[in-house]
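Structural characterization, general
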Amino acid sequence: AKRIQELVTAIEGSQSPSERKETAVSLKALLDTSSETYGGDAAVEAALAAGLPSVLRYRLDSMDGDWMAEAKNGAMDLMDEIARLPNLVKTFDEVTDIKNIMVNAAIEEQHGAHGDDDGHGHSHGNSNSGGRVYKSRRAAVNQSQATAHQQSRAGAGAEISFADLHQELKDVRK
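All values derive from a computational prediction rather than experimental measurement.

Let us look at the overall build of the protein chain. In terms of helices and strands, the protein chain carries 10 helices and 0 strands. In the protein chain, the order of α-helices and β-strands from amino to carboxyl end is α-α-α-α-α-α-α-α-α-α. When burial is assessed residue by residue, the protein chain has 37% of its 174 residues classed as buried. Sequence separation of 24 or more characterises 66% of the internal contacts of the protein chain that already satisfy a separation of 6 or more. Total accessible area computed for the protein chain in this model is approximately 9700 Å², and 50% of it derives from carbon and sulfur atoms.

Given below as structure tokens:
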């Protein structure tokens, strides 16, 4: 459990592309059930407790550091593979859905604050959906959880801090 926490902290922090790839390789070895060094349920629980799905979502979305070199050296692909492991994918998808709902809500709120016409002569979103665009059915189902996150941030305005949202989403478990 301690090793998982160290690896999650490392992959979340500032690393060179080669260090991030090494960290991803180590995480995958401990979390992939087909690996000879699979850490079992204890490793998966430690990864969830450390907020790994949110860390991976943030890393995959972020342009922090040398993300282009990370894409070229395979670190990004490895992080995506870890997120898609059967024992993590449900929580990763939940984090992704909540993040998407929060971002869409912030965009909608911002457009509402500036009026429906943005002066560019085009429409944003489907008028029947109230401007919300859901990427999956799961996103619509999980809207109530996202709404709870949104209400806890009430008064924050239309701006959204991805770093703050990332910290909030670390507690999501599915």
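Time to look at the packing of helix H2 (residues 17-31) against helix H6 (residues 75-83). At a closest axis distance of 9 Å, the pairing of H2 and H6 adopts a crossing angle of 25°. When the axes of H2 and H6 are compared, the pair comes out roughly parallel. For the pair H2 and H6, the sense of crossing is left-handed. Two secondary-structure elements touch here, H2 through Pro 17, Arg 20, Lys 21, Ala 24, Val 25, Leu 27, Lys 28 and Leu 31 and H6 through Ala 75, Leu 78, Met 79, Glu 81 and Ile 82. Looking at the contact of H2 with H6 residue by residue, the classes come out as 9 nonpolar, no polar and 4 charged.

What follows covers the pattern of salt bridges. The final tally for this structure, using the stated rule, is 7 salt bridges. The partner of Asp 80 in a salt bridge is Arg 84, and the shortest N-O contact between them spans 3.7 Å. A salt bridge links Asp 93 to Arg 84; the nearest nitrogen and oxygen atoms lie 3.1 Å apart. On the accessibility criterion, Asp 93 (16% relative accessible area) is buried.

Before going further, it helps to examine the nonpolar core. Formed by 25 residues in total, the largest nonpolar core has its most connected members in Ile 4, Leu 27, Leu 31, Leu 52 and Ile 82. Of all the elements in the fold, those that place two or more residues in this core are helix H1 (2-12), H2, helix H3 (40-49), helix H4 (52-61) and H6. Not counting residues within four places of it along the chain, the set of residues in contact with Leu 27 comprises Ile 4, Leu 7, Val 8, Ile 11, Leu 52 and Ile 82.

It is worth spelling out the packing of H4 against H6 at this point. Interaxial distance between H4 and H6 falls to 10 Å at its minimum, and their mutual angle equals 145°. The chirality of how H4 crosses H6 is left-handed. Here Leu 52, Leu 56, Arg 59 and Leu 60 of H4 come into contact with H6, specifically with Met 76, Met 79, Asp 80, Ile 82 and Ala 83. Considering only residue class, the contact of H4 with H6 consists of 7 nonpolar, no polar and 2 charged.

With that out of the way, let us pick up the environment of Lys 28. Considering the arrangement of structural elements, one finds Lys 28 in helix H2. Counting along the chain gives 54 residues from Lys 28 to Ile 82, while the straight-line C-alpha distance between them is 5.8 Å. Not counting residues within four places of it along the chain, the set of residues in contact with Lys 28 comprises Leu 78, Glu 81 and Ile 82.

What follows is about H6. Burial in H6 covers these residues: Ala 75, Met 76, Leu 78, Met 79, Ile 82 and Ala 83. One face of H6 carries all of its buried residues, which in axial projection span an arc of 160°.

Quick look at the side chain of Thr 23 now. On the secondary structure map, Thr 23 appears in helix H2. Given a relative accessible area of 8%, Thr 23 falls into the buried group.

The predicted structure's coordinates, where accompanied by low pLDDT, should not be read in detail. Mean pLDDT for the protein chain: 75, with 64% of residues reaching 70 or above. Contacts for the low-pLDDT stretch residues 116-158, under 50 throughout, to residues beyond four places or in other chains number 50 contacts.

What counts, and at which threshold
- Residues numbered from 1 in each chain as written.
- Predicted model: local features only at pLDDT ≥ 70, side-chain atom pairs only at ≥ 80, totals over all residues.
- Heavy atoms only, no water.
- Helix = DSSP H or I, 4+ residues; strand = E, 2+ residues; numbered from the N terminus.
- Buried < 20%, exposed > 50% of the residue type's maximum accessible area, 1.4 Å probe, protein only.
- Contact = heavy atoms within 4.5 Å.
- Areas by Shrake-Rupley, 256 points an atom, 1.4 Å probe, with all protein chains shown as cover.
- Axes fitted to C-alpha atoms, helices over the stretch in contact; angles between N-to-C directions.
- Parallel < 35°, antiparallel > 145°, perpendicular 65-115°, else oblique.
- Left-handed = near helix turned anticlockwise from the far one by under 90°.
- Nonpolar A, V, L, I, M, F, W, Y, C, P; charged D, E, K, R; others polar.
- Salt bridge = Lys/Arg side-chain N within 4 Å of Asp/Glu carboxyl O.
- Core = buried A, V, L, I, M, F, W, Y, C linked by side-chain atoms within 4.5 Å.
- Arc of directions from axis to C-beta.
- pLDDT = per-residue confidence, 0-100.

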